[in-house]
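Next come the chains, spelled out residue by residue.
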Amino acid sequence: MTDQTPQVRLERAKEASRATAALTSDDKARVLESIAVSLLDAAPRIIEANGRDIARGREDGIGESLIDRLRLDDKRVAALAAAVREVAALADPVGRVVGGHRMPNGVALEQVRVPFGVVGAIYEARPNVTVDIAALALRSGNAVVLRGGSAARESNTVLVDVMRSAVQNAGLTPEAIQTVDDFGRDGAKALMHGRGFIDVLIPRGSAGLIEAVVTESTVPVIETGAGNVHIFLDETAPDDWASDIVVNAKVQRPSVCNAVETVLVHRQAAPRLIPLVASALQSEGVAIHGDDMVAGLVSNVIPAVEEDWESEYLSLDIAMKVVDSLDEALDHIRRYSTGHTESIITTDSRNAERFLAEVDSAVVMVNTSTRFTDGGEFGFGAEVGISTQKLHARGPMGLSELTSTKWLARGSGQTRG
């Protein structure tokens, strides 16, 4: 790929989108199988390139949470290939009938799903997203243009090259997968201003990246927001549920957007739950940023400040606060939540239903870990991202969210009077 301008690549993606839209479901599955096989065959090359990215990231001091997102090893490359195969096995949304009816004049109307055309993605330090979004875009009949950021440039260069070769071997033009990484910020700017070429743009990464894309773009954007995720331990929260769920939500993979960042504890349950939950967290290396009551019940607590309630740590840090009631917990979540995921731990069904009804986030849970907010866990296969906006898509985004619809009208000579 030696084109001299990002505009050329956008134009080629637009042209290729006509070919991807014409693929049958079996054709698309065959293309994705070719990608999965090629990823496994190229694993040593991918891991070698990823090692250079990690070494440079450590030199640049990008932090362990980003290093974790960046890292690819044999297991993660195998997981990428498996995810591509899972996407290939999903039901094809293109052509699915959404609705329809017959007009009084006899014209038959049918609303069906169609590809967007060209999907753009801007993301940071996540080479898995390179593969996930390409697979989802192709399975939903779209071409894709990727901007993966400088931290993963070696990994993404190899991944894109492997996938382009794979789709070509399967009989599809390689121009269906494009990258503008080598153009740096000019590439990102071309995506954000690519009216007429980019049909939808999806940012994934830090709050700053997402805000910049949403603010600057002149093309439609699906906002995948930051995850300032909350768990509320209600007065009736069982000890084991509280401890197990909070630890899982924080520790299993702290660098991802569905990891819990703030735990709110009902005052009546605080003496019972806080020492238990805090001990379990600290034994896993979690630093607790707590209010005065938390500090009075647990040792080695970092005094919480306003910034803690606003933070998406993406690390082994957690904020903990005591609240007087469910109402206060709801008020806190309304003020500080980014609209991603919130969970309540309780055996009080009325409080559970209030929480479900009144929390305005993309995913609201009762008695389970926030780590389940994930396209794969929801059965969508690899996900494009988790949308925190309310138009077009909300929550984990899979194949259907990469399609639009059009109306088909079938008449027999009718004219409008």
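Calculation notes
Throughout, residues of each chain are indexed from 1 in the direction in which the sequence is written. Side-chain atom pairs in this predicted model are given and counted only at pLDDT of 80 or more, local residue features only at pLDDT of at least 70, and totals for whole chains, interfaces and linings cover all residues. To get the side-chain values, all heavy atoms of the structure are used, and hydrogens and water are removed first. A pair of strands is labelled paired if DSSP reports no fewer than 2 bridges between them. In this text, helices come from DSSP runs of H or I with a minimum length of four residues, and strands from runs of E with a minimum of two, each type numbered from the N-terminal end. Only the six-membered ring of Trp is used, alongside the rings of Phe and Tyr, when aromatic pairs are assigned; centres must lie within 6.5 Å, and planes under 30 degrees apart are stacked while those over 60 apart are edge-to-face, with the rest tilted. As a reminder, the over-ring test applies to NZ of lysine and CZ of arginine, requiring each to be within 6 Å of the ring centre and within 35 degrees of the ring normal. Any residue under 20% of the maximum accessible area for its type is buried, any over 50% is exposed, and the rest in between are partly exposed; the area is computed with a 1.4 Å probe on protein chains only. Axis lines are fitted through C-alpha atoms, for helices just across the contact stretch, and the angle between N-to-C directions can take any value from 0 to 180 degrees. Each residue after the first adds 1.5 Å to the expected span of a helix. Residues are treated as being in contact if the distance between any of their heavy atoms lies within 4.5 Å. Every case where a carboxyl oxygen of Asp or Glu lies within 4 Å of a side-chain nitrogen of Lys or Arg is listed as a salt bridge. Think of the arc as the fan of directions from the helix axis to the C-beta atoms. Polar contacts, as counted here, are pairs of nitrogen or oxygen atoms within 3.5 Å of one another; within protein the pair requires one atom able to donate a hydrogen and one able to accept it, and residues that are adjacent in sequence qualify only if both atoms are side-chain atoms. Think of a nonpolar core as a cluster: buried Ala, Val, Leu, Ile, Met, Phe, Trp, Tyr and Cys residues, connected wherever their side-chain atoms sit within 4.5 Å. The patches described consist of residues with a relative accessible area above 30% and no salt bridge, like charges being joined within 9 Å and nonpolar side chains (Val, Leu, Ile, Met, Phe, Trp, Tyr) within 5 Å. With residues, only the protein chains shown are counted as cover, and all accessible areas are computed by Shrake-Rupley using a 1.4 Å probe.

The name that an unreviewed UniProt entry assigns to the protein is Glutamate-5-semialdehyde dehydrogenase, with the source organism given as Microbacterium maritypicum.

Asker: An account of the pairing of strand 1 (residues 97–102) is needed here, citing residue identities and associated values.
Answerer: As paired strands, strand 1 and strand 2 (residues 108–115) are joined by five bridges and run antiparallel to one another. Following the sheet pairing, Arg102 is matched in strand 2 by Ala108.

Asker: I'd like a rundown of the packing of aromatic side chains, residues and numbers included.
Answerer: For the structure shown, the criterion picks out zero aromatic pairs. Directly above the ring of Trp309 sits Lys321, whose terminal nitrogen or CZ lies 5.5 Å from the centroid.

Asker: Outline the environment of Asn169, listing residues and values.
Answerer: With respect to the helices and strands, the residue Asn169 is situated in helix 7 (residues 153–169). Using a relative accessible area of 65% as the deciding quantity, one classes Asn169 as exposed. A sequence separation of 216 residues divides Asn169 from Gly385, and the C-alpha atoms of the two residues are 28 Å apart.

Asker: Account for the sheet that holds strand 1, with residues named and values stated.
Answerer: Read across the sheet, three strands follow the order 1-2-16 without closing on themselves; strand pairing throughout is antiparallel. The sheet is open, and its two borders are formed by strand 1 and strand 16 (403–410), each paired with just one other strand. In this sheet, neighbouring strand axes are inclined to one another by 20° on average, regardless of whether the strands run parallel or antiparallel.

Asker: Provide a residue-level description of helix 7, including the pertinent values.
Answerer: With 17 residues, helix 7 ought to run about 24 Å at 1.5 Å a step, and its terminal C-alpha atoms sit 24 Å apart, in line with that. Those residues of helix 7 that fall on the buried side of the exposure criterion are Ser155, Asn156, Val158, Leu159, Val160, Val162, Met163, Arg164, Ala166 and Val167. Looking at the buried side of helix 7, the elements it contacts are helix 2 (25–41), helix 3 (43–60), strand 3 (118–123), helix 6 (127–139), strand 4 (143–147) and strand 5 (177–179).

Asker: Quick rundown of the pattern of salt bridges? Include the residues and the values.
Answerer: Per the counting criterion, the structure on display carries 25 salt bridges. In this structure, Asp324 engages Arg267 in a salt bridge whose closest nitrogen and oxygen atoms are separated by 2.4 Å. Within this pair, whereas Asp324 is found in the loop between strand 11 (317–323) and helix 14 (326–336), its partner Arg267 is found in the loop between strand 8 (260–266) and helix 11 (270–283), the two being separated by 57 residues in sequence. Of the charged contacts, one joins Asp331 and Arg334 as a salt bridge, the two residues approaching to 2.8 Å between their closest N and O atoms. Taken as a pair, Asp331 and Arg334 lie in helix 14 at a separation of three residues, close to a single helical turn. Residue classification places Asp331 among the partly exposed residues on the basis of a relative accessible area of 47%.

Asker: Let's hear about helix 14: which residues, and what values?
Answerer: Listed in full, the buried residues belonging to helix 14 are Leu326, Ala329, Leu330, His332, Ile333 and Tyr336. What you see down the axis of helix 14 is that its buried residues fit within an arc of 160°, all on one side. On the buried face of helix 14, the contacting elements are strand 7 (229–233), strand 8, helix 13 (306–310), strand 11, strand 12 (341–345) and helix 15 (349–358). Where helix 14 starts, the residue carrying a side-chain oxygen 3.4 Å from the main-chain nitrogen of Asp327 turns out to be Ser325.

Asker: Talk me through the nonpolar core; I want residue IDs and the actual numbers.
Answerer: Within the largest apolar cluster, 51 residues are counted, with the highest numbers of intra-cluster contacts made by Ile35, Leu39, Leu138 and Ile177. Among the elements of the structure, helix 2, helix 3, helix 5 (74–89), strand 3, helix 6, strand 4, helix 7 and strand 6 (200–204) are those that each provide at least two residues to this core. It is helix 6 that provides the largest number of residues to this core, a total of eight residues. Here Ile177 is in contact with Ile35, Ala134, Leu138, Val144, Leu146, Val160, Met163, Arg164 and Val167, once residues within four sequence places are set aside.

Asker: Residues and numbers for the sheet that holds strand 3, please.
Answerer: On the basis of which strands lie adjacent, the open sheet formed by four strands has the order 5-4-3-6 and parallel pairing. The two strands at the open ends of the sheet, each matched to only one other strand, are strand 5 and strand 6. In this sheet, neighbouring strand axes are inclined to one another by 20° on average, regardless of whether the strands run parallel or antiparallel. Both strand 3 and strand 4 contribute to a ladder of five bridges, which runs parallel. Bridge pairing links Val118 to Ala143 in strand 4. Strands strand 3, strand 4 and strand 6 of the sheet are contacted by helix 8 (residues 185–192), whose axis makes an angle of about 140° with strand 3.

Asker: Can you tell me about a nonpolar patch on the surface, naming the residues and giving the values?
Answerer: A surface patch of nonpolar side chains, amounting to about 250 Å² of accessible area, comprises Phe372, Phe378 and Phe380. Its location among the elements puts Phe372 in the loop between strand 13 (363–366) and strand 14 (385–387).

Asker: Quick rundown of the pairing of strand 7? Include the residues and the values.
Answerer: With five of five residues buried, strand 7 lies mostly within the body of the structure. Here strand 7 shows a buried face lined by Val229, Ile231 and Leu233 and a second buried face lined by His230 and Phe232. Here five bridges tie strand 7 to strand 8, and the two strands are oriented parallel to one another. Looking at the pairing, Val229 lines up with Val260 of strand 8. One ladder, built from four bridges, connects strand 7 with strand 12; its direction is parallel. Its bridge partner being in strand 12, His230 is matched across the sheet by Glu342.

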